[in-house]
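Residue strings, one per chain:
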Amino acid sequence: VELPRYSILYREGGGAASFYVLIRGHLVQTTLAGDEKPPLTATRASRGVCFGTESLTGMPRLTTVTAVEDATLLRFSTEQLRIDGSGAVALANRVFETFVEGELRNMNLFKGLPARVFAQVVPLFQLEEHGLADSSIFEEGDAGDKFYILLHGRVAVVKGDLTLAVLDSHAQDVHDGHPFFGEMALLDGAPRMAAIRTRTPCKM
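The model shown is predicted, which means the values in this text are computed figures rather than measured ones.

**Quick word on the sheet that holds strand β12 (residues 162-168)**
Here is step 1 of the chain: The antiparallel open sheet is built from 4 strands, whose spatial order is β9-β14-β11-β12. Among the strands making up the open sheet, the edge pair consists of β9 (136-138) and β12. For this sheet, the mean inter-axis angle between neighbouring strands, taken without regard to orientation, is 30°.
Here is step 2 of the chain: Sheet topology note: the strand β11 (residues 154-159)/β12 ladder contains 6 bridges and is antiparallel. Looking across to β12, one finds that Val 158 is bridged to Thr 163.

In structure tokens, the structure reads:
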């Protein structure tokens, strides 16, 4: 599907008979309640962004999706495909695990790991969302019990009153994977050397 700039793909509350993968372009998601939803962005070099999956469970559209620029999408009909709640969860988990595996393979930190090790590492990841700016992911001195991949948004690396760096999910070369942080405390077993705070709503 070629979606021209400023055109609406579907509206909140409408019937859902397909889901999409965004191949190129930039879309925004809005709701009648004014809830902030992350934009959908993809380039020719990326693997695509899947959305509209409420159609798999027969739910109406949860958002209105509008093209900010010309976009290219793959449309998958779900007219003959419906899955129950547990099936939807299983599908979402499988899609997420596939995404995580792809990201790990793009990171120098995981270069050369054999497939059997990836199979053990990928299920350790969970989706974590922070809906507000200036929320704490972890603080300096905390135990290093998690490693993060920044899927969407911006975070600041802070030590005391000094901002050491800002990581932006959209500033990264797609061939290098998404930005990541928190790995050093896992590798050396030491407390966190700096705090991480969100600059925008984030998905990790």
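Additional details are given in the paragraphs that follow.
**Looking at the pattern of salt bridges**
Here is step 1 of the chain: Scanning the entire structure with this criterion turns up 6 salt bridges.
Here is step 2 of the chain: We note a salt bridge from Lys 146 to Glu 128, for which the minimum N-O separation is 3.5 Å. Here the residue Lys 146 occupies a position in the loop between β9 and β10 (148-149), and Glu 128 occupies one in the loop between α2 (115-121) and β8 (129-130), the gap between them amounting to 18 residues.
Here is step 3 of the chain: A salt bridge links Glu 129 to Lys 203; its shortest N-O distance comes to 2.4 Å. Here Glu 129, found in strand β8, pairs with Lys 203, found in strand β15 (residues 202-203); they are 74 residues apart in sequence, far enough to count as distant.

**Observations concerning the environment of Thr 57**
Here is step 1 of the chain: The residue Thr 57 is located in the loop between β5 (49-51) and β6 (64-67) in this model.
Here is step 2 of the chain: Take Thr 57: its relative accessible area is 33%, and that puts it in the partly exposed class.
Here is step 3 of the chain: The spacing of Thr 57 and Ala 16 is 41 residues in sequence and 9.2 Å in space, taken between C-alpha atoms.

**What to know about the layout of surface pockets**
Left-over empty space is what a probe sized like a water molecule reveals as it rolls over the atoms.
Here is step 1 of the chain: Of the volumes computed, that of the second largest pocket is approximately 490 Å³.
Here is step 2 of the chain: Forming the boundary of the second largest pocket are 21 residues, of which Leu 124, Phe 125, Lys 146, Phe 147 and Tyr 148 lie nearest the centre.
Here is step 3 of the chain: For the lining of the second largest pocket, the secondary-structure elements that each account for two or more residues are α1 (85-105), β10 and α3 (183-188).

**Topic: the nonpolar core**
Here is step 1 of the chain: In terms of nonpolar packing, the biggest core is built from 13 residues, with Leu 3, Leu 9, Leu 22, Leu 27, Phe 51 and Leu 73 touching the most fellow members.
Here is step 2 of the chain: At the level of secondary structure, the elements contributing two or more residues to this core comprise β2 (8-10), β3 (18-30), β4 (40-42), β6 and β7 (71-77).
Here is step 3 of the chain: For this core, the element with the most residues is β3, which contributes 3 residues.
Here is step 4 of the chain: The contact partners of Leu 9, leaving out residues within four places of it in the chain, are Leu 3, Tyr 20, Phe 51, Val 65 and Leu 73.

**Section: the packing of aromatic side chains**
Here is step 1 of the chain: Under the counting rule described, the total for this entry stands at 10 aromatic pairs.
Here is step 2 of the chain: Judged by centre distance (5.1 Å) and plane angle (15°), the ring pair of Phe 19 and Phe 76 falls under stacked. Taken together, the positions of Phe 19 in strand β3 and Phe 76 in strand β7 put the pair 57 residues apart, joining distant regions of the chain.
Here is step 3 of the chain: Of the residues examined, Phe 76 reaches a relative accessible area of 35% and is grouped as partly exposed.
Here is step 4 of the chain: The rings of Phe 110, Phe 125, Phe 147 and Phe 180 are connected pair by pair, giving a single aromatic cluster.
Here is step 5 of the chain: The lysine or arginine in question, Arg 61, covers the ring of Tyr 10, its NZ or CZ lying 4.0 Å from the ring centre.
Here is step 6 of the chain: Taking the ring centre of Phe 138 as reference, the NZ or CZ of Arg 192 above it sits at 3.9 Å.

**Regarding the side chain of His 178**
Here is step 1 of the chain: The topology assignment puts His 178 in the loop between β12 and β13 (180-181).
Here is step 2 of the chain: When its relative accessible area of 18% is taken as the criterion, His 178 is described as buried.
Here is step 3 of the chain: Among the polar contacts listed, one links the side chain of His 178 to the backbone oxygen of Leu 150, at a separation of 3.2 Å.

About the criteria used
Starting afresh in each chain, residues are numbered from 1 along the sequence in its written order. Totals for whole chains, interfaces and linings use all residues, but because this is a predicted model, local features are given only for residues with pLDDT of at least 70 and pairs of side-chain atoms are given and counted only at 80 or more. Hydrogens and water are ignored here; the side-chain numbers use all heavy atoms of the structure. Pairs of strands are assigned from DSSP output, requiring at least two bridges between the strands. Helix numbers and strand numbers start at the N terminus; a helix is a DSSP run of H or I with at least 4 residues, a strand a run of E with at least 2. Between N-to-C directions, angles cover 0 to 180 degrees, with each direction set by a line fitted to C-alpha atoms, over the stretch in contact for helices. We define a salt bridge as a side-chain nitrogen of Lys or Arg found within 4 Å of a carboxyl oxygen belonging to Asp or Glu. Exposed residues in this analysis have more than 50% of their type's maximum accessible area, buried residues have under 20%, and partly exposed residues fall in between, with area computed by a 1.4 Å probe over protein chains only. Think of a 1 Å grid over the protein atoms and nothing else: a 1.4 Å probe that fits but is trapped marks a cavity, an open set flanked by protein within 12 Å on at least five of seven lines marks a pocket, and residues with an atom within 4 Å of a point count as lining. Grid points are joined across faces, edges and corners, and a volume is the space filled by probe spheres set on the points. We define a nonpolar core as any set of buried Ala, Val, Leu, Ile, Met, Phe, Trp, Tyr and Cys residues linked to one another through side-chain atoms lying within 4.5 Å. Here, two residues are considered to be in contact whenever any of their heavy atoms come within 4.5 Å of each other. Note on aromatic pairs: the rings of Phe, Tyr and Trp (six-membered ring only in Trp) are paired at centre separations within 6.5 Å, and the planes decide the class, stacked below 30 degrees, edge-to-face beyond 60, tilted for the rest. Placement of a charge over a ring requires the Lys NZ or Arg CZ to be within 6 Å of the ring centre, with the centre-to-atom vector within 35 degrees of the ring normal. Between N or O atoms, a polar contact is any pair within 3.5 Å; within protein, one atom must be a potential hydrogen donor and the other a potential acceptor, and residues adjacent in sequence are included only when both atoms are from side chains.

None of the figures reported here should be taken as evidence of function without further support.
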